[in-house]
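Listed here are the chains, written in short residue letters.
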Amino acid sequence: MHSSPAKDNRPVPSALPEEQWRAKLSPQEYHVLREAGTEPAFTGEYTDTETTGVYRCRACNAELFRSSEKFHSGCGWPSFFSPLAGDSIIEIEDRSLGMVRTEVRCASCGSHLGHVFAGEDYGTPTDLRYCINSVSLTLEPAE
Ligand SMILES: [Zn+2]
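Residues numbered from 1 in each chain as written. Predicted model: local features only at pLDDT ≥ 70, side-chain atom pairs only at ≥ 80, totals over all residues.

1. With respect to the sheet that holds strand 3 (residues 70–71)
Now for step 1: The 6 strands are arranged 3-4-8-7-6-5 in an open sheet whose pairing can be described as antiparallel. Looking at strand neighbours, the two that pair on one side only are strand 3 and strand 5 (89–94), the edges of this open sheet.
Now for step 2: As paired elements, strand 6 (residues 101–106) and strand 7 (residues 112–118) share 4 bridges and run antiparallel to each other. Bridge assignment links Thr102 to a residue of strand 7, and that residue is Val116. (Pairing = 2+ DSSP bridges. Helix = DSSP H or I, 4+ residues; strand = E, 2+ residues; numbered from the N terminus.)

2. Let's talk about unusual backbone geometry
Negative phi values dominate among residues other than glycine, just as trans dominates among peptide bonds.
Now for step 1: In this structure, Asn61 is a non-glycine residue whose phi angle is positive, near 75 degrees.
Now for step 2: Examined against the element boundaries, Asn61 turns out to sit in the loop between strand 1 (53–57) and strand 2 (63–66).
Now for step 3: Classification of Asn61 by C-beta neighbours within 10 Å gives partly exposed; the count is 13.
Now for step 4: The backbone of Asp127 sits at a positive phi, close to 60 degrees, despite the residue not being glycine.
Now for step 5: Counting through the fold element by element, Asp127 comes out in the loop between strand 7 and strand 8 (128–132). (Buried ≥ 20, exposed ≤ 12 C-beta atoms within 10 Å, placed from the backbone.)

3. Details of the sheet that holds strand 1
Now for step 1: One open sheet accounts for 3 strands, arranged 2-1-9; its pairing is antiparallel. Taken across any chain shown, the strands that pair with only one partner, and hence form the sheet edges, are strand 2 and strand 9 (137–141). Neighbour-to-neighbour, the strand axes of this sheet turn through a mean angle of 30 degrees, independent of strand direction.
Now for step 2: Note that strand 1 and strand 9 share 5 bridges and pair antiparallel. Looking at the pairing, Gly53 lines up with Pro141 of strand 9. (Axes fitted to C-alpha atoms, helices over the stretch in contact; angles between N-to-C directions.)

4. Regarding the pairing of strand 7
Now for step 1: Most of strand 7 sits out of view: 5 of its 7 residues are buried.
Now for step 2: Linking strand 6 to strand 7, which pair antiparallel, is a turn of 5 residues; within it Gly110 sits at a positive phi near 80 degrees.
Now for step 3: Relative to strand 8, strand 7 is paired through 5 bridges, and the arrangement is antiparallel. Counted as the bridge partner of Val116 is Tyr130 from strand 8.

5. Examining helix 2 (residues 27–35)
An α-helix turns once per 3.6 residues; consequently, residues spaced three or four apart project the same way.
Now for step 1: Buried residues of helix 2: Glu29, Val32, Leu33 and Arg34, and no others. Buried residues in helix 2, looked at end-on, bunch into an arc of 165 degrees, giving them a common side. Exposed and oriented more than 90 degrees from the buried face of helix 2 are Pro27, Gln28 and Glu35.
Now for step 2: Along its buried surface, helix 2 packs onto helix 1 (18–24) and strand 7. (Arc of directions from axis to C-beta. Contact = placed C-beta atoms within 7 Å.)

6. Description of the confidence of the model for the protein chain
The predicted coordinates should not be examined in detail at positions where pLDDT is low.
Now for step 1: Summarising the model, the protein chain shows a mean pLDDT of 91, and 90% of its residues fall at 70 or more.
Now for step 2: Counting contacts from residues 1–9, a segment whose pLDDT is below 50, to residues more than four positions away or on other chains yields 14 contacts. (pLDDT = per-residue confidence, 0-100.)

7. Topic: the environment of Ala62
Now for step 1: With respect to the element layout, Ala62 can be found in the loop between strand 1 and strand 2.
Now for step 2: Along the chain, Ala62 and Leu137 lie 75 residues apart, while their C-alpha atoms are 9.7 Å from each other.
Now for step 3: Look past the residues within four positions of Ala62 in its chain and what remains in contact with it is Arg56, Cys57, Ser88, Cys106 and Ser108.

Written out as structure tokens, the structure is:
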């Protein structure tokens, strides 16, 4: 079983065995969601999307972010200043690539979403930037 400790030492949930994730997801989705990969900057389908709606986890369909908290960061990935609800995501210290970053995962299925950065002066209400891979999300447009 693949699981990593979260900040509060709860195990990260992993709703399906890895073989089933591999069958359910495209190779790119699997790489990002299940292997903590990153899509190339400025290539994701939602980078500059302004459509009103809810962004769900592409792996398990949990509601994660809303368009009302999305903003243009210019960083090349969809950026949000807050998750839809604090318990919809898990934040984990990530020391890969010689940096200390905070990884963001879906709280429902443990899949990798992106990273969160603080104190960048984007002028948003939280001063946080949830930098999320488009391939980790599915936008459900509002009616
Ligand atoms: Zn999920």
